[in-house]
Amino acid sequence: MRALTLVADRKIELLDVAPPPAPAAGEVQVAIKAIGLNHIDVWGWRGMAFAKRKLPLVVGAEAAGIIAATGPGVVGLNPGDPVVAYGALTCGVCKACREGRDNLCENVAGIMGFHVDGFARDVINMPARLVIPIPPGVSFRDAACAPVAFATVQHMLFDNAKLEPGETILVQAGGSGIGSAAIKMAKAIGCTVITTVGNDAKAEKAKAIGADHVINYRNERFEGVVRKLTGKKGVDVVFEHVGPDTFNGSLLCLKRGGRLVTCGSTSGQSTTINLFQLYTRQYRIFGSFGASMRNIRESLAKMAAGLSPVIDTEVALADVERGLARLESREVFGKIIVTF
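Residues numbered from 1 in each chain as written. Predicted model: local features only at pLDDT ≥ 70, side-chain atom pairs only at ≥ 80, totals over all residues. Heavy atoms only, no water.

## So, the pattern of salt bridges
So, point 1. The full count for this structure, using the stated rule, is 17 salt bridges.
So, point 2. A salt bridge links K11 to E13, with the nearest nitrogen and oxygen atoms 3.6 Å apart.
So, point 3. For E13, a relative accessible area of 28% translates into the label partly exposed.
So, point 4. When the shortest N-O distance is used, the salt bridge between K335 and E62 registers 2.7 Å. Of the two residues, K335 is situated in strand β16 (residues 335-339) and E62 in the loop between β4 (57-58) and β5 (63-70); the sequence distance between them amounts to 273 residues.
So, point 5. Taking relative accessible area as the criterion, K335 reaches 3% and is therefore assigned buried.
So, point 6. On the basis of relative accessibility, which here comes to 0%, the residue E62 falls in the buried class.
So, point 7. A cluster of three or more residues bridged by salt bridges with shared partners is formed by R10, R46 and E328. (Salt bridge = Lys/Arg side-chain N within 4 Å of Asp/Glu carboxyl O. Buried < 20%, exposed > 50% of the residue type's maximum accessible area, 1.4 Å probe, protein only. Helix = DSSP H or I, 4+ residues; strand = E, 2+ residues; numbered from the N terminus.)

## A short note on the nonpolar core
As a rule of thumb, nonpolar side chains are buried together in soluble globular proteins.
So, point 1. Among the nonpolar cores identified, the biggest contains 83 residues, and F119, L157, I169 and F239 are the most heavily contacted of them.
So, point 2. Within the second largest apolar cluster, 14 residues are counted, among which are L170, V226, V238 and Y283. (Core = buried A, V, L, I, M, F, W, Y, C linked by side-chain atoms within 4.5 Å.)

## Considerations on the state of the cysteines
So, point 1. Taken as a whole, this structure holds zero disulfides when the rule is applied.
So, point 2. The thiol of C94 is unpaired, and the distance to the nearest cysteine sulfur, on C91, comes to 3.7 Å.
So, point 3. The exposure class of C94 is buried, given its relative accessible area of 6%.
So, point 4. Left unpaired, C145 is separated from the closest cysteine sulfur, that of C263, by 15 Å. (Disulfide = S-S within 2.5 Å.)

Structure representation (structure tokens):
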């Protein structure tokens, strides 16, 4: 069995490993068909001090596949069913898990492909409770974007920021996998979408997927442009995931009582904020990490209804480092998919 295995920082090898045993009680065996790459994969590839793990490590945090076999006691899932899997090994019994807030699990055993062996292998055994059916009409390629990219955006925009139809939203880094998904999800409910990108080619692509206004942040200060576009009022919501490079500018773009939701810090982990500005403008700031199983189901339903993810590149299993390098370079527009 093939497995993409991180053997050292910035070194992934396609190794032949032993296949898993037959699925145990409550498990399903999934034949992986596609995985989606995310910044967490780049961080793991680089080597991050906060990642408590041991090498070698099978990579891949987001995947779609087909059920190859089921263990005793599994109901509602059958061989041949297309599925995606939840990428965190939650306990399933703590208060957060019982309430459906899976990404707040009190006893999570790790994130697949980052702390523990991930999905980038031909076959994997998973607890059946962490597997979600793919609706008819959704391809493996698209479904592979649901567990992390689409579901993260669903959780950010609708669980946390409570985005409503007709509002104005600023989406930072609209060319990223989650940025492009945020543009499409916000536009689908009738929002006015402003986004930032790093070059003119990305600007055209952002307009093509629905952005109303696109700012090339290398040529203009996005804060000033946003203020002009909104008549100095500011936006209702900022979708933030860049970090220190944009965070305070994002706050300046908010209207009084506006909401900022953030799930990332790709430009660094720390920043400072103006507390006077925070409370006098009555901003609301939401930290958001991952998503729930419900968010994944909601994301798959949106895909089935025609809201497809933006795919930048598809690479073969053996070319995963090329995909990671492209994602790291920020030349990407949309998602990078690794096919089996």
